[in-house]
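As a plain string of letters, each chain reads:
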Amino acid sequence: QVQLVESGGGLVQAGSSLRLSCVASGDFFSAYIMGWFRRAPGKEREYLGAISTDGGTTYIVDSVKGRFTISRDNAKNSVYLQVSSVSPEDTAVYYCAARSGSSLRTTVGYTDWGQGTRVTVSS
C-alpha cells in the first residue's frame with residue numbers, strides 16, 4: 001500500500017504547460033504501475049494513461065496523446081504528468097493512482113489514490 005499526494009495544480013493560462021507531481025510514501029513504490037486520471041466538472045472520471053514500474057513504457061489515451069506525458073523517478077518515489085498546450089477543456093481535478101499488475105491499458109484495479117490536485121485553465 002502506498003499513500004499518494006499530488007501537487008502542481010492551480011490556475012493556468014490557456015496555451016501554457018504544467019507539470020503535476022505525485023509523491024508516494026510507503027513501501028515498494030517501484031513495484032506499482034502508476035496511472036493518472038482526471039475528473040472535469042460535471043463529468044465522469046477519465047483515464048489518462050499509465051507508466052510501467054520501471055518507467056520504460058507509458059500508455060497515453062488517444063484523446064490527450066501528443067500533449068500529455070507521464071514519467072516517474074523511482075528514486076524519488078514520484079510520478080509526473082506533463083501537460084502542454086492546455087485548454088479550458090483540461091480544467092479538472094487530477095489524480096494519481098497505484099496498482100499492481102502489468103497492463104497499462106486497463107482502468108481497473110487501482111487500489112491507492114491521491115486526494116487530487118485541481119487545475120483550472122483560463123481562456
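Look up a bit, the structure's there.
The following paragraphs examine the structure supplied in this document. Every chain is numbered on its own, with residues counted from 1 as its sequence reads. Only residues with pLDDT of 70 or above have their local features reported here, since the model is predicted, and side-chain atom pairs are shown and tallied only from 80 upward, although totals for entire chains, interfaces and linings are computed over all residues. Where side-chain values are given, they derive from all heavy atoms of the structure, hydrogens and water being excluded.

1. Focus on the overall build of the protein chain
Here is step 1 of the chain: The helix and strand labels rest on DSSP assignments: H or I over at least four residues marks a helix, E over at least two residues marks a strand, and numbering proceeds from the N terminus. Along the protein chain, the regular secondary structure elements total zero helices and 11 strands.
Here is step 2 of the chain: The dimensions of the protein chain, computed from C-alpha atoms along their principal axes, are 40 × 25 × 25 Å.
Here is step 3 of the chain: Burial status follows relative accessibility: with a 1.4 Å probe on protein chains alone, a residue under 20% of its type maximum counts as buried, one over 50% as exposed, and anything between as partly exposed. Taken over 123 residues, the protein chain has a buried fraction of 45%.
Here is step 4 of the chain: Contacts in the protein chain between residues far apart in sequence, at least 24 positions, make up 59% of those at least 6 positions apart.
Here is step 5 of the chain: In these tables, accessible area is a Shrake-Rupley quantity obtained with a 1.4 Å probe, and a residue counts as shielded only by the protein chains included in the view. Surface summary for the protein chain: the accessible area is close to 6,200 Å², and the carbon and sulfur share equals 46%.
Here is step 6 of the chain: We count Lys and Arg on the positive side and Asp and Glu on the negative side, and we leave His and both chain ends out. Lys charges are placed at NZ, Arg charges at CZ, Asp charges at CG and Glu charges at CD. The centroid of the 12 positive side-chain charges in the protein chain is displaced by 3 Å from the centroid of its 10 negative side-chain charges. Residues count as neighbours in contact if any of their non-hydrogen atoms are within 4.5 Å of one another.

2. Section: the sheet that holds strand β8 (residues 78–83)
Here is step 1 of the chain: Should DSSP find at least two bridges between two strands, the strands are regarded as paired. Spatially, the four strands line up as an open sheet ordered β1-β3-β8-β7, and their pairing is antiparallel. Either end of the sheet is taken by a strand with one partner, and the two such strands are β1 (2–7) and β7 (68–73). Mean inter-strand twist for the sheet, computed between neighbouring axes without regard to direction, equals 20°. Only the stretch in contact is used when a helix axis is fitted, and all axes are lines through C-alpha atoms; the angle between N-to-C directions ranges over 0 to 180 degrees.

3. Here we look at the nonpolar core
Here is step 1 of the chain: Take the buried Ala, Val, Leu, Ile, Met, Phe, Trp, Tyr and Cys residues and link them wherever side-chain atoms come within 4.5 Å; each set so joined is a nonpolar core. Grouped together as the largest cluster of nonpolar side chains are 37 residues, with contacts concentrated most on L4, M34, W36, F68, V79, L81 and Y94.
Here is step 2 of the chain: A total of five residues in this core trace back to one element, the largest contributor, which is strand β9 (residues 92–99).

4. Things to note about the packing of aromatic side chains
Here is step 1 of the chain: Two aromatic rings from Phe, Tyr or Trp, using only the six-membered ring of Trp, form a pair when their centres are within 6.5 Å; if the ring planes differ by under 30 degrees the pair is stacked, by over 60 it is edge-to-face, and anything between is tilted. Under the criterion given, the structure shown has six aromatic pairs.
Here is step 2 of the chain: Residues F37 and Y110 carry aromatic rings whose centres are separated by 5.1 Å and whose planes lie at 85° to one another, so their mutual orientation is edge-to-face. Of the two residues, F37 is situated in strand β4 (residues 33–39) and Y110 in the loop between β9 and β10 (112–113); the sequence distance between them amounts to 73 residues. In terms of burial, F37 and Y110 fall into one category: buried.
Here is step 3 of the chain: Judged by centre distance (4.7 Å) and plane angle (50°), the ring pair of F37 and W113 falls under tilted. Highlighted residues: F37 in strand β4 and W113 in strand β10, separated in sequence by 76 residues.
Here is step 4 of the chain: On the accessibility criterion, W113 (30% relative accessible area) is partly exposed.
Here is step 5 of the chain: One aromatic cluster in this structure is built from F37, Y47, Y59, Y110 and W113.
Here is step 6 of the chain: The lysine or arginine in question, R45, covers the ring of F37, its NZ or CZ lying 5.3 Å from the ring centre.
Here is step 7 of the chain: We call a charge positioned above a ring when the Lys NZ or Arg CZ atom is no farther than 6 Å from the ring centre and deviates by at most 35 degrees from the ring normal. A cation over a ring is seen here: R99 above Y110, with NZ or CZ 5.6 Å from the ring centre.

5. Considering unusual backbone geometry
Here is step 1 of the chain: With a phi close to 50°, N77 is a non-glycine residue in the positive phi region.
Here is step 2 of the chain: As for its position among the elements, N77 is in the loop between β7 and β8.
Here is step 3 of the chain: One non-glycine residue, S85, lies in the positive phi region at around 50°.

6. Focus on the environment of L4
Here is step 1 of the chain: Residue position: L4 is located in strand β1.
Here is step 2 of the chain: Taking the C-alpha atoms as reference points, L4 and G114, separated by 110 residues in sequence, lie 4.5 Å from one another.

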